Every structure is written in C-alpha cells, then in structure tokens.
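Now for the letters of each chain:
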Amino acid sequence: MDELTKKIIEVFDGVILEDEIEHYKVDGKNYDIQYNNQRREWSCSCKDYMFRKRRRGLACKHIKLMQTKKFDFLLG
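Residues numbered from 1 in each chain as written. Predicted model: local features only at pLDDT ≥ 70, side-chain atom pairs only at ≥ 80, totals over all residues. Heavy atoms only, no water.

Enquirer: Give a description of the overall build of the protein that names residues and reports values.
Expert: Of regular secondary structure, the protein possesses 3 helices and 4 strands. For the protein, the proportion of its 76 residues judged to be buried stands at 28%. Excluding contacts between residues fewer than 6 apart, the proportion of contacts in the protein whose partners are at least 24 apart in sequence is 22%. When the accessible surface of the protein is split by element, carbon and sulfur atoms take 50% of a total near 5,900 Å². (Helix = DSSP H or I, 4+ residues; strand = E, 2+ residues; numbered from the N terminus. Buried < 20%, exposed > 50% of the residue type's maximum accessible area, 1.4 Å probe, protein only. Contact = heavy atoms within 4.5 Å. Areas by Shrake-Rupley, 256 points an atom, 1.4 Å probe, with all protein chains shown as cover.)

Here it is as structure tokens:
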C-alpha cells in the first residue's frame, strides 16, 4: 500500500473505497484489510492471515475487528 493510500485511509476514518473493494486500516498497524463487495470476501496482509488462515477460509484478528466495526456501524 503506498503512502498516499495510507494517508487517505487515516484521514477518512480508516476506510477507502476502490472499485468493489473497501480498504480498512487498524490503528498502529501497517496491514491492509480488504473487503471485496463483489465476492463478499475479506482479506488481510498480515502474516497470520497470509500463511495460516487464508487457505482454511478463516479470519485473522484484524478481519474480525473490522467486521465488528462495520456491523456496529450498520446497526447505528
């Protein structure tokens, strides 16, 4: 993720939309958490997700945190 994208995510409350993909950022971490609206899939650039969870279809703690934030936001 380039510096401009990181800054935009930071300024706009941790979310940036790009085509069908929502990018999220966890405070203090340099991971890119993504939600693909078309596929309805989450992904994260952390090593835990990339090397352990992705192949088994599991979510890392960063994805779980963003799912909770998104759900809480939608509930209002």
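So much for the structure itself; the text now carries on.
Enquirer: An account of the pattern of salt bridges is needed here, citing residue identities and associated values.
Expert: Applying the stated criterion to the full structure yields 2 salt bridges. Its salt-bridge partner being Arg 39, residue Glu 41 comes within 3.8 Å of it at the nearest N-O pair. (Salt bridge = Lys/Arg side-chain N within 4 Å of Asp/Glu carboxyl O.)

Enquirer: A description of the state of the cysteines should follow, citing residues and the corresponding values.
Expert: Enumeration over the complete set of coordinates arrives at 0 disulfides. Take Cys 46: it sits in no disulfide, and the sulfur closest to it among the cysteines is that of Cys 44, at 3.6 Å. Taking the relative accessible area as the measure of exposure, Cys 46 reaches 2% and is therefore buried. Here Cys 60 stays unpaired: no disulfide links it, and the sulfur of Cys 46, its closest cysteine neighbor, is 3.7 Å away. (Disulfide = S-S within 2.5 Å.)

Enquirer: An account of the environment of Cys 44 is requested, with residue identities and associated values reported.
Expert: Within the fold, Cys 44 resides in strand β4 (residues 41-44). A residue is classified by how much of its surface remains accessible, and Cys 44, at 3% relative accessible area, is buried. The spacing of Cys 44 and Cys 60 is 16 residues in sequence and 7.6 Å in space, taken between C-alpha atoms. In this structure, Cys 44 is in contact with Tyr 31, Asp 32, Ile 33, Tyr 49, Met 50, Cys 60, His 62 and Ile 63, ignoring residues within four places of it in sequence.

Enquirer: How would you summarise the packing of aromatic side chains if you had to cite specific residues and measurements?
Expert: For the structure shown, the criterion picks out 2 aromatic pairs. Ring centres 5.6 Å apart and planes at 35° place the aromatic pair Tyr 24 and Trp 42 in the tilted group. Residue Tyr 24 is found in strand β2 (residues 21-24), and its partner Trp 42 is found in strand β4; the two are separated by 18 residues along the sequence. Taken as a pair, Tyr 24 and Trp 42 share a single burial class, namely buried. Both rings, one in Tyr 35 and one in Trp 42, keep their centres 4.9 Å apart while their planes meet at 45°; by these two values the pair is tilted. For the pair shown, Tyr 35 and Trp 42 are each scored as buried. Put simply, the rings of Tyr 24, Tyr 35 and Trp 42 touch in pairs and so form one group of aromatic residues. (Phe/Tyr/Trp six-rings, centres within 6.5 Å; stacked < 30°, edge-to-face > 60°.)

Fair warning: the whole summary comes from geometry, so function is off the table for now.
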